[in-house]
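What follows is the residue order along each chain.
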Amino acid sequence: MVQKQVSDMITGVWRIKWWKYRYFLIAGLLLNILLINRFFFDQSLSDLYPFRSSPTDIELEKNPSAPSKDQSLPPHPPSPSQTFNLNDYDFNGDYVGWPLERACNETQWTPGLVYVCDNNSGGIGNIRNFILSCVRYGIETGATGIVMPRIQRRHEEDLANLFNAGFKPFEYFFDGEHFRKAMGDHCPQMKIYNELEDVPNADKMLKIDEFYPKDLSDGDCCDGRGANKHLDMYRSKFENWLNTTRRTPSAAEPVSVRYRWAMFFEWPIYRDGPEFAATFGDILRLNSEVEGLAIKVLDELSKFAGIDPDPSHKELKVPFLGVHLRTESDALGFWPDFTVQTDGYMKEAEARGLKHAYLACGNATDGHRFGEMAYEKLKLNTTSKLDLLKGDDLKRVDHPFDTAFVAYPDGRAALSPNGQIETIPEAERFVDVRVRDLKGVLDALGGNKTFAKQVPGIHGVLDVKSVGVFGHSLGGAASASLMLTDPRATCGANLDGLLVGPVVASGLPKGKEFLIVGAVGHNSSNDQSWSSFLNSTTGRKVELSVNGATHSSFNDFGYLYELGRKFGVIPDLGGSPFGTIDADRMLKLLDIWLGAWFDKCLRNQNDEGIFVGGSMVWPEVEVISGLGK
């Protein structure tokens, strides 16, 4: 009976014409939502609107429950404009520091706690964020001191090696004077020390190295690559960790904390509010030299596109594609490769109708490839800083590394920023750079038509399957090292250079032929690197000595010295530093003997006589260890 009544009730409900009452139903539903939000969640309907504006300063002042203004606090910022334009911002103006000042005023400071923020490395973006994160963690934990950050350089030959190339001062990237002023004016509670030893009572300091904030999260922090989620509990955990491990800092017994590398992009910037997030990073401004070069590049980029640059440097009128082609030797395997990156840039250029591109790439070969493909496909003209900068500006970024100077065909000259090589490790480092350069040149000659056509008479790529390589001094050492590591280098020569690196012990394998030519008194009997190399080499090898020659006789300087002395341009120094052999004869000697050597091992010519018993035409050349010995 009950079941039948329930059934009749349900049937009756369905027979009601609901559409007649639809407005009453909608009104009732909205009323329920309002009451539930108001009394159960303490919200009003206006709280559900996601685009409402935040209260203005005037509204806060009208609120009788709001605290009165303290004149010692920084003034309120001006109301933001509805639109944002880069021209509204003065990048070299006064630092907007009231958000930083507010954060520092709200911090409880810990005497004797000092932060060290130099365990940074990688690209400038990573280094910049590491320093900012370190400073922000320092404010959070109340560090009363910070050591002026240094910049950790990456290895110049092995870009993936981030930690063994030493340090540069803060000013290598950033404006040190601005950093000190911004921190001193708006966060004076955190004193900046030049060195850790400058901290009072540094002799009693406890040093904590490789500290990582997420280690205090008890495994409930976040993805290892993500933001630190529990910063509200971080300070209490940090202080508890210091206290329970007997590391409590004090002015009498300070504690320094050096953060672990890769501690960047972890501080959630939204935690500090938009004002702090928008201004804090400005404590790190690029130094004036970098900024000046950037201005010159943009001026020349305008000219490259056929547009007069803005003399005030307030506006860039050139529509261009910015290309950061990330294919250098340290690029990780799971990153997009050359093809993927190039396709992406090409699509953007085509979609936007761009005809000019500015390229940044540390891989010269891929840079040239990109330029060729961009022009062939889209008639997109590509340039770079090395193309745009001229004269003294180019010298500041384009130097010859270890070579004292390079004179270019257009009259430019570039000086090396590096000093003299004084140790074997330094020589090995420079040789590694030269070997990489040589490999890059071979790659380009064999695969890049634009590069190869720089050689007169060449209209395509070159066959580089079997090449010869020689050099003087450090160049001779680089020649031997290249032959050890590159199968394309099959024949080589060293002109009076000390050998360094793995090739000294390993020598060269069968199929590789090598010639060593020494100055008088320099041979395998008194040069351990030569004797070890020759004894280990199973390929064909020859050692020669040139009587009357010194180490400097193997370059052009001897000839230029004699020519300058002849015409009175160079004073007579009372004896040539280039040996007793005539400089003109020395050049001809090298031409004949090196030509014969490379003809023999690259062209398979059988005239090996001079490399067995010498030559009556060249009596100053002594065959110490020849093909027949």
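All of these numbers come straight from a predicted model, not from anything done at the bench.

Enquirer: Which parts of the structure should I look at to understand the state of the cysteines?
Expert: The term disulfide refers to a covalent linkage connecting the sulfur atoms of a pair of cysteines. Tallied over the full model, the rule gives 3 disulfides. With its sulfur 2.1 Å from that of its partner, C104 forms a disulfide with C187. Between C104 and C187, the S-S dihedral sits near -95°, and the bridge is therefore left-handed. One end of the pair, C104, is in helix α4 (residues 98-105); the other, C187, is in the loop between α6 (176-186) and β5 (191-193), and 83 residues separate them in sequence. Each of the two residues, C104 as well as C187, counts as buried. Linked covalently through their sulfurs, C117 and C134 form a disulfide whose S-S length is 2.1 Å. The sign of the -75° torsion about the S-S bond sets the C117-C134 disulfide as left-handed. Linking C117 in the loop between β1 (110-116) and α5 (124-141) with C134 in helix α5, this pair joins segments that are 17 residues apart in sequence. For the pair formed by C117 and C134, the shared burial category is buried. What connects to what in the protein chain, once the bonded cysteines are numbered by sequence position, is 1-4, 2-3, 5-6.

Enquirer: Hey, could you run me through the pairing of strand β2 (residues 143-147) in this one?
Expert: In summary, the side chains of a regular strand alternate between the two faces of the sheet. Most of β2 sits out of view: 4 of its 5 residues are buried. As defined by bridge partners, β1 adjoins β2 across 4 bridges and the pair is classed as parallel. When the bridges of β2 are listed, Y115 appears paired with I146. In this fold, β1 hands off to α5, which returns the chain to β2; that crossover is right-handed. Looking at chain direction, β2 and β5 are connected through 3 bridges and run parallel. Bridge assignment links I146 to a residue of β5, and that residue is I192.

How each quantity is defined
- Residue positions are counted from 1 within each chain, in the order its sequence is given.
- Where local features are concerned, this predicted model is filtered to residues with pLDDT of at least 70; where side-chain atom pairs are given and counted, the filter is 80 or more; whole-chain, interface and lining totals use all residues.
- For the side-chain quantities, the full set of heavy atoms in the structure was used; hydrogens and water were omitted.
- Only a pair of cysteine sulfur atoms within 2.5 Å qualifies as a disulfide here.
- Note on conventions: DSSP H or I runs of at least 4 residues are helices, E runs of at least 2 residues are strands, and numbering of each starts at the N terminus.
- When accessible area is computed with a 1.4 Å probe and restricted to protein chains, residues below 20% of their type maximum are described as buried, those above 50% as exposed, and intermediate ones as partly exposed.
- Between any two strands, at least two bridges found by DSSP are needed for them to pair.
- By convention, a crossover is right-handed whenever its connection, traced from the first strand over the helix to the second and viewed with the strands pointing away, goes clockwise.

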